[in-house]
Amino acid sequence: MLAAWAASPDRFREDANAEEDLVHGGYRDRLVVELAQNAADAAARAGVPGRLLLRLVGGDDTGGAGGPWTAEPAPDGGAGVLVAASTGAPLDVEGVRALASLRASAKRDTGRTVGRFGVGFAAVLAVSDAPALLTRSGGVRFSREETVEHVREAATASPGLAAEAARRGGHVPVLRLPFPASGSAPQGYDTAVLLPLRDDAAADLAHGLLDRVDDALLLALPGLAEVVVEVPGRPPRRAADAAERWALLHRSGRLDAAALAGRPTEERERTGWSLTWALPRTGASDGGGLPAGVPAVVHAPTPTDDPLPWPALLVATFPLGPDRRRVAPGPVTDALLDAAAAAYADLLEQRAATGADVLPLVPTGLPAGEVDAALRERVLARLPAARVLRTVEAGPPVRPRDAVALAGAAGGDAEALAVLAPVLAGLVAVPPRDRAALRTLGVAETDLADVVDALPADTDPGRWRDRYSGLSGLRDAAEAEALAALPVPLADGRVVRGVRGLLLPGPGLDALPPATLAALGAAGLRLVHPAATHPLLERLGARTAGPRELLEDAACRALVEDLADAADAGGAVDEALVDAVLHVVAACAGSLTAADVPWLADLPLLDDEGRPAPAGALVLPGSLAEQVLDPDEVGVLAAAVAERWPAATLAAVGVAGAPAATVARDVDLDDLPDALRDDPAARVWARDHAPGTAAEVASVAGLDVVRDDAWPQVVSALAADAGTRAALVDPVRVVPPPGAGPARDVPGPVAGWLRARLALAGCADPEATDVSAVLPAAPAWVSALPAPVRAALGLVRGWEDLDTDGWSAALAATADAGRDAPLPAVLAVWRALAAAAPTDVDLPSRLRCVTAAGAVVVLPADRVVVADAPMWAQRDDLGGLVVAPTDDAVTLADVLDLDLAGEVAEGLVAGGGVRQEVPAAARDLLPSAPRHWWRHDVLEVDGVGVGWWVDGDGTAAQVHVAATGATGDVPAAALARGLAQAVGRWDARGQVEAALAHPAAAGRLLVEDAFGPR
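Residues numbered from 1 in each chain as written. Predicted model: local features only at pLDDT ≥ 70, side-chain atom pairs only at ≥ 80, totals over all residues. Heavy atoms only, no water.

**Q** Is there a simple way to explain the overall build of the chain in this structure?
**A** Regarding its fold elements, the chain presents 39 helices and 39 strands. Against the globule reference of 31 Å for 1014 residues, the chain gives a C-alpha radius of gyration of 61 Å, more extended than a compact globule. With respect to the three principal axes, the spread of C-alpha positions in the chain is 190 × 85 × 50 Å. Residues classed as buried in the chain amount to 49% of the 1014 residues present. Once local pairs closer than 6 in sequence are excluded, the contacts in the chain between residues at least 24 apart make up 67%. Counting only carbon and sulfur atoms, one obtains 52% of the accessible surface of the chain, whose full area is about 44,400 Å². One way to put it: in the chain the 87 positive side-chain charges average out to a point 13 Å from where the 136 negative ones average out. (Helix = DSSP H or I, 4+ residues; strand = E, 2+ residues; numbered from the N terminus. Rg over C-alpha atoms; globule rule 2.2 N^0.38 Å. Buried < 20%, exposed > 50% of the residue type's maximum accessible area, 1.4 Å probe, protein only. Contact = heavy atoms within 4.5 Å. Areas by Shrake-Rupley, 256 points an atom, 1.4 Å probe, with all protein chains shown as cover. Lys, Arg positive; Asp, Glu negative; His and termini not counted. Charge placed at Lys NZ, Arg CZ, Asp CG, Glu CD.)

In structure tokens form, the structure reads like this:
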């Protein structure tokens, strides 16, 4: 070799460059792989299980493991020594020649070895400049230092070699000059490679490569049965028996000459091929992929740089490029890819046959490289026809093209799939992580709704409950929509499709006779069979129903309407259906009133003449209702029906027994609820007070058919019951529409109806005092009623009790000419009326009034005026007078729709009179009184004689007084009245009169006046 280099420096340069390319390129990190590959090939040539020991030792320690070994000169191990000891065929002459040459492998036997190019040993130069190899038959070593020295000697005769060596600065082809070495491998091994580590960087690389030794090495090199790694400071690590941790599928065969035609000469001699799929026994089947540290690349058979991110490891004899980093394209690679795809499909079929889930093993997503893409395409072309999918139902695996999956989340719900599988052949589960795999395999998808439609409508309720339980995990909106069409067995034996609107048996229904449920079901009631009840149905739109909910169901109402129509038409009434309704009412256990389900009053029941009549038009035999209601308006329930059913049940369907209150809430007075709409009292009341709303309205049905002579009994009954008493006594707050005024409290429908029928409003309460002299007395039976009930009926205890209707009645009572009304009582009426100032009073055509002489009379209203000042009480010419405090005169005239006296008469005084001084005694009591008054022999106003008169008021007023008697004296009373009216102190007229009559007493009167109001 030295002679060749000396003769041809270019050959030296080529060898050096080639070695550097290998060390720094394709073999830069393949040291352990190449050592293991050589060990596997040696074991294969010897036909023995391969064992490899990889040991890092200190630089001065080349012994152990059965005895010392040596290499001449001894390795200088400042950074340590990597020892690779293996079993198998020892080094021979061909082997030494191969080590010392480039791309001239001694491994020409076909099919048994892995190495092919004769360049793998160059990987040792990545860590060592003095590698050595020792066997039983001898040893060989290499040395960069000695090679440099030999090149220097050869260069003395070759200037070209000297120049090239100098140019390379000591970088020579290390593996071209072998040197003899002595020593032996460790005990139990046939060969040892000694690699003195160049420096710390080389030691770090060696440590890192040893750390990466795992099962992949054994899988890639099946000739190795064991690899032991020993690193100082760590326990030994042994890799063996890979088949225990990996599921393996092997394939092998031979390549035809046409496929090998494009490969190198020596490679064409190798016609055999083999491949192995290795699948981790744990981790991969659930999508975990390859174990940590195992490179996800193509192994050919050792790792390449072609990525293959699959959950299984592919080891195959792919042809490689010159750097052994990449799979070489061509017919050989295509043939191996075809074989690998077929084997992968077989592997998945085998696993599926054992019950394993192979969907995580289906390649999905984008390929990571050319080899990945080519293999993926081939595998996915085969898998749709491979039996790799487990169905939900037990059985052999099916082909993806024969399988079907549910779309959406339902496809991954195991319990739901178990329910649906019997109607969908080939149904497979679709966990969310595997949905992409199924789509890649071309598995058909179907909607849940289509499968639900295909479910058989069998009648076994227990089986359906189990199905609902299995489907209950489906919860998103689309699934709920699909499940809403589920078949559901009903209590009457039918099976219906669709859940919404169904009734689920609730508390109380178990007491109903089966015949009742059957009858209601035949009439259209959709009650779920108790054995099929499940929470899923409620979630899908069914509602839990007790007896009350059954009654309120539209089907039950339609049943009652049909029965009522049949009765109205004179046809036969199905008594079994009537009984069914009554059974449900009875099951409500007395909690139901006629107002709760008002249309039950249309239920036809037999009367005492054997004819069907609406329950609401019947009364219980022997009841108060029979005694007080008009027999022309109501019938009597047949005694047999009354004896068969509890009174509370019959009352709930509207059969009257005693007065009962009906309460409705949130009432629109323009649109009464059903509970009030058929009650005349409520309708009239709502009409009178509409528009508006009321939070609560209570009424009592049947008041419109009470006999006229039965009211005392009815009212007493109303007063005796708490519910009906509240309906009578409690006012109702009516809220007008926005902007229509404030809320107001008014008597309720019962009070309004009774006031209109009994005409008691405006009658004096038996306990009244002030009003009893004017208002008519109530009938004697009223005295026994509670005071609140009497007040609700409109009886008056005092003027403050009167509302507008009461005042209308009171005025009508005072206008009754046949009744005596003392003057004090009449005056009290006017005062109270002025204080109350009610609006919209119904005015009688005649009014009780007074004359100027103080007599109480009844006159037509158009002959009555309101005296707006005391002086008008002297005028007989004005007709009847209504008098009240002066300040209230205008109010009283408005309420009674009367004229003021001052509006119908001018009040003109005839003659001027004689001016007189107002005595000082009067001015002391009335400081604002005028200073003068006018004395008349005869005083006429508007042609009518009067005793006194006032023009104007205050200090400017003119007080006129008429002299009386033969003496022509002026009465003090007349002058006092004129002065008191003039200054608005009508209450002081008596004191002024006394002062005028007895001037000496004026001081005492003034002192007494000081005690009066300010």
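Here the narrative resumes.
**Q** Help me out: how do you make sense of empty space enclosed by the protein in this one?
**A** If you roll a probe as big as a water molecule over the atoms, it shows you where there is empty space left. Counting across every chain of the model gives three cavities of 30 Å³ or more. The volume enclosed by the largest cavity comes to roughly 80 Å³. Lining the largest cavity, in full, are Leu811, Thr814, Val826, Val829, Trp830, Leu847, Arg848, Val882 and Leu896. Among the elements of the structure, helix 32 (804-814), helix 33 (823-836) and strand 29 (846-850) are those that each provide at least two residues to the lining of the largest cavity. Sorting elements by how many residues they give to the lining of the largest cavity places helix 33 first, with three residues. Of the residues assigned to the lining of the largest cavity, the class counts are seven nonpolar, one polar and one charged. In this structure, the second largest cavity occupies an estimated 40 Å³ of space. Lining the second largest cavity are Leu490, Ala491, Asp492, Leu517, Leu520, Gly521, Leu525 and Leu527. A breakdown of the residues in the lining of the second largest cavity according to their chemical character gives six nonpolar, one polar and one charged. (1 Å grid on protein atoms, 1.4 Å probe; cavity = no way out; pocket = protein on both sides within 12 Å on 5 of 7 lines; lining within 4 Å. Points joined across faces, edges and corners; volume = space filled by probe spheres on them. Nonpolar A, V, L, I, M, F, W, Y, C, P; charged D, E, K, R; others polar.)

**Q** Is there a simple way to think about the sheet that holds strand 27 (residues 732-735) in this case?
**A** Sheets are built from strands paired through backbone hydrogen bonds, the pairs being either parallel or antiparallel. Strand order across the open sheet formed by four strands is 25-26-27-28, with antiparallel pairing between neighbours. Each of the sheet's edge strands pairs with one partner strand only, and the pair in question is strand 25 (661-668) and strand 28 (744-746). Each adjacent strand pair in this sheet contributes to an overall mean axis angle of 35 degrees, direction not counted. Pairing geometry for strand 25 and strand 26 (residues 693-700), over seven bridges, is antiparallel. Residue pairing across strands places Val667 opposite Ala694, the latter belonging to strand 26. Of the strands in this sheet, strand 25 and strand 26 are in contact with helix 29 (residues 722-729), which crosses strand 26 at around 125 degrees. (Pairing = 2+ DSSP bridges. Axes fitted to C-alpha atoms, helices over the stretch in contact; angles between N-to-C directions.)

**Q** I keep staring at the layout of surface pockets and nothing clicks. Help me out?
**A** Empty space within the largest pocket amounts to approximately 1,100 Å³. If you go around the largest pocket, you meet 50 residues; those closest to its centre are Ala594, Gly616, Gly654, Ala701 and Gly702. Mapped by element, the contributors of at least two residues to the lining of the largest pocket are helix 21 (554-568), strand 23 (618-619), helix 23 (624-628), helix 25 (647-652), strand 25, helix 26 (674-677) and helix 28 (711-720). Counting residues per element, the lining of the largest pocket draws most heavily on helix 25, which supplies four residues.

**Q** For this particular structure, what's the right way to read the sheet that holds strand 38 (residues 948-951)?
**A** Read across the sheet, four strands follow the order 34-35-39-38 without closing on themselves; strand pairing throughout is mixed. This sheet does not close on itself; its edge strands, each paired only once, are strand 34 (914-917) and strand 38. Direction aside, neighbouring strands of the sheet carry axes that sit 30 degrees apart on average. The sheet strands contacting helix 37 (residues 972-982) are strand 35 (932-936), strand 38 and strand 39 (958-962), and the helix crosses strand 38 at an angle near 25 degrees.

**Q** It is not clear to me how the pairing of strand 35 should be interpreted in this structure. Could you clarify?
**A** Consecutive side chains along a regular strand alternate between the two faces of the sheet. As paired elements, strand 34 and strand 35 share four bridges and run antiparallel to each other. Looking at the pairing, Arg915 lines up with Trp934 of strand 35. With three bridges joining them, strand 35 and strand 39 adopt parallel strand pairing. Considered in strand 39, the bridge of His936 is made with Ala962.

**Q** Teacher, can you tell me more about the environment of Ala586 here?
**A** Mapped onto the fold, Ala586 is located in helix 22 (residues 575-587). The class for Ala586 is partly exposed, based on a relative accessible area of 29%. Spatially, the C-alpha atoms of Ala586 and Ala647 are 9.8 Å apart, while their sequence positions differ by 61 residues.

**Q** So what exactly am I meant to see when it comes to unusual backbone geometry here?
**A** Glycine aside, the phi torsion of most residues is negative, and most peptide linkages are trans. A cis amide bond, omega 0 degrees, links Ala690 with the succeeding residue Pro691. Counting through the fold element by element, Pro691 comes out in the loop between helix 27 (680-689) and strand 26. One non-glycine residue, Asp241, adopts positive backbone phi at about 55 degrees. Mapped onto the elements, Asp241 comes out in the loop between strand 8 (237-240) and strand 9 (246-254). Residues other than glycine seldom take positive phi values, yet Asp840 does so here, at roughly 55 degrees. By secondary structure assignment, the location of Asp840 is in the loop between helix 33 and strand 29.

**Q** Explain helix 38 (residues 989-997) to me, please; I cannot follow it from the model alone.
**A** Because the α-helix completes a turn every 3.6 residues, residues three or four places apart line up on one side. Along helix 38, the residues that are buried comprise Val992, Ala995 and Leu996. Buried residues of helix 38 fall within an arc of 100 degrees about the axis and therefore sit on the same side. Along its buried surface, helix 38 packs onto helix 36 (920-925), helix 37 and helix 39 (1002-1009). (Arc of directions from axis to C-beta.)

**Q** Would you explain the environment of Glu349 in this entry?
**A** Its location among the elements puts Glu349 in helix 11 (residues 331-353). Between the alpha carbons of Glu349 and Leu383 there is a distance of 9.0 Å; along the sequence they are 34 residues apart. Setting aside chain neighbours within four positions, we find Glu349 in contact with Ala386, Arg387 and Val388.

**Q** Can you help me understand the pattern of salt bridges in this one?
**A** Between side chains of opposite charge, pairing is possible as soon as their charged atoms come close. Applying the stated criterion across every chain, the model contains 49 salt bridges. Note that Glu149 is salt-bridged to Arg152, the shortest N-O span being 2.7 Å. Remark: Arg152 and Glu149 occur in helix 5 (residues 144-155); sequence separation between them is three residues, near one turn of the helix. Judged by its relative accessible area of 48%, Arg152 falls in the partly exposed class. Arg543 is the salt-bridge partner of Asp553, the closest N and O atoms lying 3.2 Å from each other. Pair noted here: Asp553 is in the loop between helix 20 (547-552) and helix 21 and Arg543 is in strand 20 (residues 543-545), with a separation of ten residues, a long-range link. Overall, Asp553 belongs to the buried group, its relative accessible area being 10%. (Salt bridge = Lys/Arg side-chain N within 4 Å of Asp/Glu carboxyl O.)

**Q** Is there a simple way to think about the packing of aromatic side chains in this case?
**A** Given two aromatic rings, one states the distance between the centres and the angle between the planes to describe the pair. Per the stated rule, a full pass over the model turns up eight aromatic pairs. Centroid distance Trp277 to Trp310: 5.7 Å. Interplanar angle 15 degrees. Geometry classified as stacked. One end of the pair, Trp277, is in strand 10 (residues 272-280); the other, Trp310, is in the loop between strand 12 (303-307) and strand 13 (313-316), and 33 residues separate them in sequence. Like Trp310, Trp277 is buried. For the pair Trp872 and Trp949, a centre-to-centre distance of 5.1 Å together with 85 degrees between the ring planes defines the contact as edge-to-face. Taken together, the positions of Trp872 in the loop between strand 31 (864-866) and strand 32 (880-882) and Trp949 in strand 38 put the pair 77 residues apart, joining distant regions of the chain. The same class applies to Trp872 and to Trp949, which are both buried. Joined through ring pairs, the aromatic side chains of Trp277, Trp310 and Tyr344 make up one cluster. The residue whose ring lies beneath Arg467 is Trp464, and the NZ or CZ to ring-centre distance is 4.3 Å. (Phe/Tyr/Trp six-rings, centres within 6.5 Å; stacked < 30°, edge-to-face > 60°. Lys NZ or Arg CZ within 6 Å of the ring centre and 35° of its normal.)

**Q** Can you walk me through the pairing of strand 7 (residues 224-230) in this structure?
**A** Within strand 7, five of the seven residues are buried, leaving the element largely enclosed by the surrounding structure. Across four bridges, strand 7 lies against strand 8 in antiparallel orientation. The residue bridging Glu226 from the neighbouring strand is Ala240, located in strand 8. Here strand 7 folds back onto strand 8 in antiparallel fashion, the turn holding six residues, of which Gly233 has a positive phi close to 85 degrees.

**Q** Any chance you could explain a negative patch on the surface here in plain terms?
**A** Among the surface-exposed residues, Asp562, Asp565, Asp568, Asp602 and Asp678 lie close enough to one another that they form a single negatively charged patch. Position of Asp568 among the secondary structure elements: in helix 21. According to the relative accessible area criterion, Asp568 is exposed, its value standing at 63%. (Patch = residues over 30% accessible without salt bridge, like charges linked within 9 Å, V, L, I, M, F, W, Y side chains within 5 Å.)

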